[in-house]
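Each chain, written out:
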Amino acid sequence: MTTAQQTGPYQHYVYAYPHKTAYRRLQDRPALRELWAAEDRSALSLYVHIPFCEVRCGFCNLFTRIGAPDGLTGAYLDALERQADAVRAALGDAEPVRFATAAFGGGTPTFLTASELERLCDIAERRMGADLRAVPLSVEASPATATADRLAVLAERGATRLSLGVQSFVDSEARAAVRPQRRADVEAALGRIRDAGVPVLNIDLIYGIDGQTERTWRDSLDAALAWRPEELYLYPLYVRPLTGLGRHQGDAGADPAWDAQRLCLYRAGRDHLLAHGYVQQSMRMFRRADAPPQGADDYACQTDGMIGLGCGARSYTSALHYSFDYAVGMHEIRGIIDDYVTTADFAHAEVGYRVDGHEARRRHLLQSLLQAEGLSVADYRARFGSSPDDDFGAELDRLAGRGWLTDTAGGLLVLTPEGLAHSDAVGPELFSPEVRSAMAAYERK
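Residues numbered from 1 in each chain as written. Predicted model: local features only at pLDDT ≥ 70, side-chain atom pairs only at ≥ 80, totals over all residues. Heavy atoms only, no water.

Some remarks on the sheet that holds strand E17 (residues 405–407)
Thinking step 1. If you trace the three strands from one edge of the open sheet to the other, you get E16-E18-E17, paired in antiparallel fashion. Edge positions in the sheet fall to strand E16 (375–376) and E17, since each of these pairs with one other strand and no more.
Thinking step 2. Of the pairings in the sheet, the one linking E16 to strand E18 (residues 412–415) comprises two bridges and is antiparallel in character. For Ser376, the partnering residue across the bridge sits in E18 and is Leu412. (Pairing = 2+ DSSP bridges. Helix = DSSP H or I, 4+ residues; strand = E, 2+ residues; numbered from the N terminus.)

What follows is the structure, given as structure tokens:
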């Protein structure tokens, strides 16, 4: 890989580390009871994955299938119940088990009917013990599935955040992203969400779509701002293998002109939102300055554990990140879901990546630096007994040399505005050689 490729702005969206393509089949199938025996269970995150969508967008490489044959969603919820029972038993009762935050993702959780969403909440509450009305609960939705009856269930059961995947308010751009929708339908869905009274509305938008200009990007931003969403996520478009756009466009390799266009649109979007009273939380996330608090005060993604339910979910302990098999291709995804719904034994970890002390340091560094607030050197030293410079001096010097990283008088390592703009290059540059090697060896399916 050349230096130019390494420093290109769009390498990987790093939403977790290690990357899931580094996971491998765990030959020893460790028992969940053993994995969680010594873990702190006082502030866990619960994530439940629903792998169904009414359509699959052209850019999507998430673990999801289009539609569900009769009975499949019910069978999937049956399997979620079995898995939840096994996981809760593995957590045991020797120490208190408490969930500090919860999320339903996918896929599209609101693909489920209103009665199925009730059942989903029951699984989280009655089987896992998560008090959904007492903790932040985030749910992802699409315009077509954000119906009044579904939203009423989620609001009543404690949803505090509803994230709507809009991507573009311009119909021609939505079609270009292989996301068939009409602006009128999107606006109607937003109206229903506001009527439901969920405290935090998030709108997802994408920049870099074929035919998009700075003017049409501004039009989408203004259409979103008209709803005064508490949060906005601005995503750069990626064309990934095995997706609809990937099959259509192929792998064109590095495209400096497209990189420059996306960076231009990112900066325009960032500046527009900052001028309208939003605060940047990360490269992608912008939060309205007067928005109500959202997020658990006592949960830290760098240190606390996560329980994932569903065949597209990950779970994190301090020593192992684990999940089920992963795929992007439709045939393979269907097969994995079919296997999941017939699984009886959920008491073991099947696929994962073992996180040693050095990888734990990298994860903490990565997940802190990619947030606008940065990394507290004192917190890092208190946890690991060393400084970031001791452990990652060469990598940090390279980032600082490009003008992407600075340290503050308050003892923080913080990405500069240009560093935040290049977050999708910063993150991958901090991957370990072992994770890089495992990702390179991953066979796409």
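Past the structure itself, the notes keep going.
What about empty space enclosed by the protein?
Over the atoms a probe the size of a water molecule is rolled, and this reveals where empty space is left.
Thinking step 1. For the coordinates displayed, the defined rule picks out one cavity of 30 Å³ or more.
Thinking step 2. Here the largest cavity is characterised by a volume of approximately 110 Å³.
Thinking step 3. Along the wall of the largest cavity there are 15 residues; nearest its centre are Leu32, Gln83, Gly308, Tyr322 and Phe324.
Thinking step 4. Taken together, the elements giving at least two residues each to the lining of the largest cavity come down to helix H3 (72–91), strand E12 (306–309) and strand E14 (320–323).
Thinking step 5. Split into classes, the residues belonging to the lining of the largest cavity amount to eight nonpolar, five polar and two charged. (1 Å grid on protein atoms, 1.4 Å probe; cavity = no way out; pocket = protein on both sides within 12 Å on 5 of 7 lines; lining within 4 Å. Points joined across faces, edges and corners; volume = space filled by probe spheres on them. Nonpolar A, V, L, I, M, F, W, Y, C, P; charged D, E, K, R; others polar.)

Some points on helix H5 (residues 148–156)
Thinking step 1. Turning to H5, its buried residues number three or more, namely Arg150, Leu151, Val153 and Leu154. Down the axis of H5, the buried set is contained in an arc of 155°. They therefore lie on one face.
Thinking step 2. Buried residues belonging to H5 abut helix H4 (114–127), strand E6 (137–141), strand E7 (161–167) and helix H7 (183–196).
Thinking step 3. Positive phi shows up at Gly158, right after H5, with a value of about 115°. (Buried < 20%, exposed > 50% of the residue type's maximum accessible area, 1.4 Å probe, protein only. Arc of directions from axis to C-beta. Contact = heavy atoms within 4.5 Å.)

A few points about the packing of aromatic side chains
For any pair of aromatic rings, the description rests on two quantities: the centre-to-centre distance and the angle between the ring planes.
Thinking step 1. Taken as a whole and assessed by the stated rule, the structure comprises 15 aromatic pairs.
Thinking step 2. Seen from their ring centres, Phe324 and Tyr340 are 5.5 Å apart, and the 80° between their planes marks the pair as edge-to-face. Within this pair, whereas Phe324 is found in the loop between E14 and helix H11 (330–341), its partner Tyr340 is found in helix H11, the two being separated by 16 residues in sequence.
Thinking step 3. Among the residues examined, Tyr340 registers a relative accessible area of 2% and is labelled buried.
Thinking step 4. Ring-pair connections join several aromatic residues into one group, and the members of that group are Phe52, Tyr76, Phe111, Phe324, Tyr340 and Phe346. (Phe/Tyr/Trp six-rings, centres within 6.5 Å; stacked < 30°, edge-to-face > 60°.)

These results come straight from atomic positions and should not be treated as a statement about function.
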